[in-house]
Amino acid sequence: MEYNDITYEKTGAVLRVCHNRPDKGNAQSTRLLAELDDALARAKADSEVHVVIIGGQGKHFSAGHDLADGMKLRGDYTVEQHWHWEQEHFLGNAMRIWDLPKPTIAEVSGACIAGGFMVANSCDIVIASDDAYFSDPVLHSMGAAAVEALLHPWVLNTRKAKELLFTGGKISAEEGKEWGMVNHVVPRADLEDFTMKMAQQIAKAPPHATAMLKRSLNRTADIQGYRNSLNAHFDTHTVSSSTKEFWDIVNQGVAAMVAGGKNSGSDK
Ligand SMILES: C/C=C/C(=O)SCCNC(=O)CCNC(=O)[C@H](O)C(C)(C)COP(=O)(O)OP(=O)(O)OC[C@H]1O[C@@H](n2cnc3c(N)ncnc32)[C@H](O)[C@@H]1OP(=O)(O)O
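The following refers to the structure shown. Every value quoted in this text rests on a predicted model; they were computed, and no experiment measured them. Within each chain, residues carry numbers counting from 1 in the order of the written sequence. Local features in a predicted model are, by the rule used here, given only for residues with pLDDT of at least 70; side-chain atom pairs are given and counted only at 80 or more, and totals for whole chains, interfaces and linings are based on all residues. Heavy atoms throughout the structure, all of them, feed into the side-chain values; hydrogens and water do not.

So, on to the pairing of strand E2 (residues 14-19). The buried label applies to any residue whose accessible area, calculated with a 1.4 Å probe on protein chains only, is under 20% of its type's maximum; exposed applies above 50%, and partly exposed to all values in between. Strands here are runs of E lasting at least two residues and helices are runs of H or I lasting at least four, both read from the DSSP assignment and numbered beginning at the N terminus. Counting buried positions along E2 yields 6 of 6 residues, so the element is predominantly enclosed. The two faces of E2 match: Val-14, Arg-16 and Cys-18 on one face and Leu-15, Val-17 and His-19 on the other face are all buried. In this structure, strand E1 (residues 6-11) lies alongside E2, joined through 6 bridges in antiparallel fashion. In the strand pairing of E2, Thr-7 is matched with Cys-18. Each pair of strands is called paired provided DSSP finds at least two bridges between the two strands. Connecting E1 to the antiparallel partner E2 that follows it, the hairpin turn spans 2 residues, and Gly-12 within it adopts a positive phi of roughly 60 degrees. With helix H1 (residues 30-45) bridging E2 and its parallel neighbour strand E3 (residues 51-56), the resulting β-α-β unit is right-handed. Seen with the strands pointing away from the viewer, any crossover whose path from the first strand over the helix to the second strand runs clockwise is right-handed.

On the basis of which strands lie adjacent, the open sheet formed by 3 strands has the order E5-E7-E8 and mixed pairing. The sheet is open, and its two edges are formed by strand E5 (111-113) and strand E8 (170-172), each paired on a single side. Between one strand axis and the next, the sheet turns through 20 degrees on average, direction left out of account. Bridge count for strand E7 (residues 133-135) against E8 is 3 bridges, and the pairing is antiparallel. Bridge pairing in E8 links Ser-135 to Lys-170. To get an axis, fit a line to the C-alpha atoms, keeping to the stretch in contact for a helix; angles then go from 0 to 180 degrees between the N-to-C directions.

With that out of the way, let us pick up the nonpolar core. By convention a nonpolar core is built from buried Ala, Val, Leu, Ile, Met, Phe, Trp, Tyr and Cys residues, the set being connected through side-chain atoms within 4.5 Å. Ranked by internal contacts, the top residues of the largest apolar core, which has 33 residues, are Val-52, Ile-54, Val-108, Phe-134 and Met-181. Looking at this core, the elements that each hand over two or more residues are E2, H1, E3, strand E4 (104-108), helix H4 (115-122), strand E6 (125-129) and helix H7 (158-167). Of the residues forming this core, the biggest block, 5 residues, is contributed by H1. Listed in part, the 25 residues of the second largest apolar core include Leu-33, Leu-91, Met-95 and Met-118.

H4 packs onto helix H3 (residues 79-99) with a crossing angle of 25 degrees between their chain directions and a minimal axis gap of 8 Å. Between H3 and H4, the angle falls in the class roughly parallel. The way H3 lies across H4 gives a crossing that is right-handed. Within the contact between the two elements, H3 uses Phe-90, Ala-94, Ile-97 and Trp-98 and H4 uses Met-118, Val-119 and Ser-122. Should an angle lie under 35 degrees it is considered roughly parallel, over 145 roughly antiparallel, and from 65 to 115 roughly perpendicular; all remaining angles are considered oblique. When the near helix sits turned anticlockwise from the far one by under a right angle, the crossing is termed left-handed; a clockwise turn instead gives a right-handed crossing. In this analysis, two residues are considered to be in contact whenever any of their non-hydrogen atoms come within 4.5 Å of each other.

Each pair of packed helices can be described by the angle between their axes along with the distance between the axes. The geometry of H1 relative to H3 is characterised by a closest axis approach of 10 Å and an angle of 40 degrees between their N-to-C directions. With respect to H3, the element H1 is oriented oblique. Read as a crossing pair, H1 and H3 show a hand that is left-handed. For the pair H1 and H3, contact is made by Thr-30, Leu-33, Asp-37 and Leu-40 and by Trp-85, His-89, Phe-90, Asn-93, Arg-96 and Ile-97, respectively. Residue polarity is assigned by list, with Asp, Glu, Lys and Arg as charged and Ala, Val, Leu, Ile, Met, Phe, Trp, Tyr, Cys and Pro as nonpolar; anything else, Gly included, falls into the polar class. Along the lines of polarity and charge, the residues of the contact of H1 with H3 split into 5 nonpolar, 3 polar and 2 charged.

The following block contains the structure:
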């Protein structure tokens, strides 16, 4: 597969894959999601790759799903078609990042919103620059129950996740670190180097034992209900994004964005 909406760069045993639509806030087009998924499948099969970094070219990590692209390609889908497509490409992509048998690091700068937040949260480690912020405004801006994978209570805690999602607000990199969601906050100019240094350190570990360690760490979450709760939320999310309430909001907000090129973020 040829890559256009991502960059793919190997440095020793570290693969750095970046969202590459900086003029669109790195919004995740259908093509970008397919390319990211393909890059991860390649990384999984490539014994030379020990660690994967997921970042963003330019100012932002990602503005989330490309709403214009989604409306254009799937605006007339039935509920059943939405369920199948999103299960494979939104929840599925997130779970394939989580399940990758190699450590993943999210390298986050600027905006990390909704579907972008879902990708970052699916990584094992999050390194953020001091200008980064995280938000999931979907309840307010689209009238749906958050994004497709409800990772928030797993990476924050239930109370903070509720505040974030109910208000449609955002948390800074520093606040994310206080809550244990972000591993390190570094100056913007140091983000790439800092992340690469950590990735290279992790990459020195024997790959099979690393895969087994990740398997056990992820199983610990699964034993607590991680996978089941994400699958259950996905169905709830689909119901919430099939209602009249949802379509009234989307037809106003997103259609205006598609027509006028404006964003729909409820950036409180
Ligand atoms: C279940 C749903 C899950 C989801 O993921 S829904 C998506 C939720 N995401 C949002 O609501 C993000 C909204 N966007 C923003 O808040 C801002 O934008 C940013 C902070 C990401 C970037 O701000 P700045 O750097 O000031 O740039 P800019 O002029 O606002 O945007 C640059 C271009 O990017 C387009 N864009 C931004 N976000 C999206 C998006 N999510 N889908 C499609 N396009 C997007 C804009 O419209 C514009 O485009 P043009 O230059 O043609 O006017």
